[in-house]
Amino acid sequence: MTKQDNQWKLFFGAGFVVEPSKGLDGGEVKKRLQGSAVEVDTLPKEFFLPLFESADELPIEIVFVPERGKQKNEVRDWVRSILFDEKPKKEDAARKLALRLALATDQRSPEGLFVTLAGRKGVAYRIALWKFPADQTLQADVAKGMITIRLIEDAFSRESTYFKAAMLEGPKAETTFWTGRIEDRQAKHGVKGAAEFWTGDFLAARPVLTDAHGTRVVAKALRKIIDKTGALETREGLIAAAQVLRTQGGNRISIGDVAARYLPADERDEFIAAAGGPEVSDHPFRLEPEVLESELRLKSITLDGKFVIRGPLEDFDSVVSVTPAEEEGTVQVSLKGKITSESVSQR
Amino acid sequence: MSLRSEYSERTPVLKNVADDIENLVREILNGVPRVDRISSRVKSVERFLEKTEGKGYHQPLQDIQDQIGVRIVVFYRSDIQTVSERVIREFREVENRPMEQPDPEVFSYEARHVVCLIPPDIHSRHKPPIDFFELQISTLFQHAWAEANHDLGYKPHGALTYEFRKKIAWAAAQTWGADVIFDELWNQSKPQPG
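Residues numbered from 1 in each chain as written. Chains lettered and ligands numbered in written order. Predicted model: local features only at pLDDT ≥ 70, side-chain atom pairs only at ≥ 80, totals over all residues. Heavy atoms only, no water.

### Let's talk about the packing of aromatic side chains
Between two aromatic rings, the relevant description is the distance of the centres plus the angle of the planes. Inspection of the entire model under this criterion finds 17 aromatic pairs over all chains. Arranged with centres 3.9 Å apart and planes meeting at 0°, the rings of Tyr7 of chain B and Phe48 of chain B form a pair that is stacked. Of this pair, Tyr7 of chain B sits in helix H1 (residues 3-28) while Phe48 of chain B sits in helix H2 (residues 45-52), and the two are 41 residues apart along the sequence. The burial state of Tyr7 of chain B is the same as that of Phe48 of chain B; both residues are buried. One aromatic cluster is present, formed by Phe11, Phe84, Tyr125 and Phe177 of chain A through successive ring pairs. (Phe/Tyr/Trp six-rings, centres within 6.5 Å; stacked < 30°, edge-to-face > 60°. Helix = DSSP H or I, 4+ residues; strand = E, 2+ residues; numbered from the N terminus. Buried < 20%, exposed > 50% of the residue type's maximum accessible area, 1.4 Å probe, protein only.)

Below you can see the structure in the form of structure tokens.
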């Protein structure tokens, strides 16, 4: 591999000033859309190149939604056009992306500068899309339909200040560029809260992890470490975590969240490894109560609101027996087994 | 490196991925009635090379999306939809379409094909060089026809006689008819709600 093959070489850039235009007439918005392709050599590379090179670290993986069951997606087509078509088509596709972003953005989001960059390294092609805040670090000037993007000399910070980003990468083939990575720095809840409009309305995509599969992965990983751990206290902590999760159905979460919020610190790494590793720990999904119930397979009985008997569903009925007691409305519960530990909490 | 050796080299990891996906499909469909069998396969080297010939694949190692195939065989045509909906809740699909002949007078292979993304946890565990696998959902009759056709008729068209091809098509028509009749009978005989 030559030195050139080891470095990203940018071959296309475009910038558009995107105003929030959701609900407005598409034709009018198109007329007002300001921006153009830019010569990549005129861009402030010291700012853009590091952003472009590190775009594969964006935390959330997404996949385009197919249209009518076919392997077709308009946004993916534009992405591929920017990467593989001739220059006029590249600019046209970048403009269509910018228009789509404007029409997906409502008044809650401020005006921004939408930048598209495409590059190649060996056989790999990459496209990165960003929405930057207007006039903070980057200055965009449009004259006679052409955009010029420069760094503001006295900008408070030249660190990457983008609001949102997306990156897609792959070789030139018919089936590549279905998946990509995104980040939403305006999201209220960190990586999990990537705005629906950035993922769904603008990119016509969704997270790679489905709600059902994300929930199944969490439940199976939890069961795996519950079954494995020998320490009763840890086991109790994990089972308690599983019980809490059962109340969280419908909530948007990630594997990393489950580890950080609900699990004992010592078990977090093992849990994440059992769930597929750090590469998948930031993917968002909604907990599905049905899947959680069927996979966790835990059963518990609470007596008088303070005594809890809890155990694996498959063994529960053979260990725990419940019979009516003399006093009406009460039951007698008995357990059969070996006492493996006993403790009294300290005051 | 030749296409043959490049594909051969990846088949062990594809096998591991196929096994994981098959197990996952078994879990997803656990308790779903009238599922006859679930199986998976990695496309053989010979079949992979056959498929690359004359079909205009510029990047066959990327673009052939059924390198891993998972087959679900159900009893009746109505079951295909039920099973399809169940598995689609679990996977992200990039294609989901019935494979059927557009010409109503032509009978041949039929099934539902769903091209899905390999789930990220399984991908991360095995790191296969592909992103997709194909789910093939068919009825017992469709499956039986496909297996026999594969055994007898999966040759270049020029190598088969007119009569041979006619008989294969006739068998496909019988398969279609049997599926339609059994599905109707099933819908008449199943317990009605209320």
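On we go.
### Re empty space enclosed by the protein
Within the structure shown, the criterion is met by two cavities of 30 Å³ or more. Each pocket or cavity is described by its volume, and for the largest cavity that value is around 90 Å³. In this structure, the largest cavity is lined by Arg77, Phe107, Ser108, Tyr109, Glu110, Gln142, Trp145, Ala172, Thr175, Trp176 and Asp179 of chain B. Breaking the lining of the largest cavity down by element, the ones donating at least two residues are helix H6 (140-153) and helix H7 (162-189) of chain B. If you tally residues by element for the lining of the largest cavity, the top one is H7 of chain B, at four residues. Grouping the amino acids of the lining of the largest cavity by side-chain chemistry returns five nonpolar, three polar and three charged. Taken as a whole, the second largest cavity holds about 40 Å³ of empty space. Together, Val208, Leu209, Thr210 and His213 of chain A together with Glu90, Phe91, Arg92, Leu117, Pro119 and Pro120 of chain B line the second largest cavity. Its residues placed into classes, the lining of the second largest cavity shows six nonpolar, two polar and two charged. (1 Å grid on protein atoms, 1.4 Å probe; cavity = no way out; pocket = protein on both sides within 12 Å on 5 of 7 lines; lining within 4 Å. Points joined across faces, edges and corners; volume = space filled by probe spheres on them. Nonpolar A, V, L, I, M, F, W, Y, C, P; charged D, E, K, R; others polar.)

### Considerations on the side chain of Glu93 of chain B
Topologically, Glu93 of chain B is positioned in strand E3 (residues 93-99). Classification of Glu93 of chain B as buried rests on a relative accessible area of 14%. Only 3.5 Å separates the side chain of Glu93 of chain B from the side chain of Arg206 of chain A, close enough to count as a polar contact. Those residues in contact with Glu93 of chain B that sit more than four places away from it in its chain are Pro66 and Arg206 of chain A together with Ile88, Val114, Val115 and Cys116 of chain B. (Polar contact = N/O pair within 3.5 Å; in protein donor to acceptor, adjacent residues only side chain to side chain. Contact = heavy atoms within 4.5 Å.)

### Side note on the environment of Ala241 of chain A
Residues and elements named next belong to chain A. Mapping Ala241 onto the fold places it in helix H7 (residues 232-246). Here the alpha-carbon distance between Ala241 and Val258, two residues 17 residues apart in the chain, equals 8.9 Å. When sequence neighbours within four positions are dropped, the list of residues in contact with Ala241 reads Tyr262 and Leu263.

### Describing the packing of H7 of chain A against helix H10 (residues 289-296) of chain A
All names here are of chain A. At a minimum axis distance of 10 Å, the contact between H7 and H10 shows a crossing angle of 155°. The orientation of H7 with respect to H10, classified from their angle, is roughly antiparallel. Between H7 and H10 lies a crossing of left-handed hand. Along the contact surface, H7 presents Ala242, Leu245 and Arg246, while H10 presents Leu292, Glu293 and Leu296. (Axes fitted to C-alpha atoms, helices over the stretch in contact; angles between N-to-C directions. Parallel < 35°, antiparallel > 145°, perpendicular 65-115°, else oblique. Left-handed = near helix turned anticlockwise from the far one by under 90°.)

### Overview of unusual backbone geometry
The residue Asp304 of chain A is not glycine, and still its phi comes out positive at about 50°. The residue Asp304 of chain A is located in the loop between strand E13 (298-303) and strand E14 (307-312) in this model. For Asp304 of chain A, a relative accessible area of 69% puts it in the exposed group. Of note, the phi angle at Lys127 of chain B is positive, near 50°, even though the residue is not glycine. With respect to the secondary-structure elements, Lys127 of chain B resides in the loop between helix H5 (120-126) and strand E5 (132-139).

### So, the environment of Asp92 of chain A
Residues and elements named next belong to chain A. Tracing the backbone shows Asp92 in helix H4 (residues 87-104). Judged by its relative accessible area of 37%, Asp92 falls in the partly exposed class. Considering only alpha carbons, one finds Asp92 and Thr199, 107 residues apart in sequence, at a separation of 22 Å.

### So, the pattern of salt bridges
For the structure on display, the rule yields 40 salt bridges over all chains. For Arg32 of chain A, the salt bridge goes to Glu19 of chain A, with nearest N and O atoms at 3.7 Å. Of this pair, Arg32 of chain A sits in helix H1 (residues 26-32) while Glu19 of chain A sits in the loop between strand E1 (9-18) and H1, placing them 13 residues apart in sequence. Taking the shortest distance from any N to any O, the salt bridge between Arg47 of chain B and Glu50 of chain B comes out at 3.7 Å. Linking Arg47 of chain B with Glu50 of chain B, this pair stays in helix H2, spanning three residues, or about one helical turn. Of the residues examined, Arg47 of chain B reaches a relative accessible area of 22% and is grouped as partly exposed. (Salt bridge = Lys/Arg side-chain N within 4 Å of Asp/Glu carboxyl O.)

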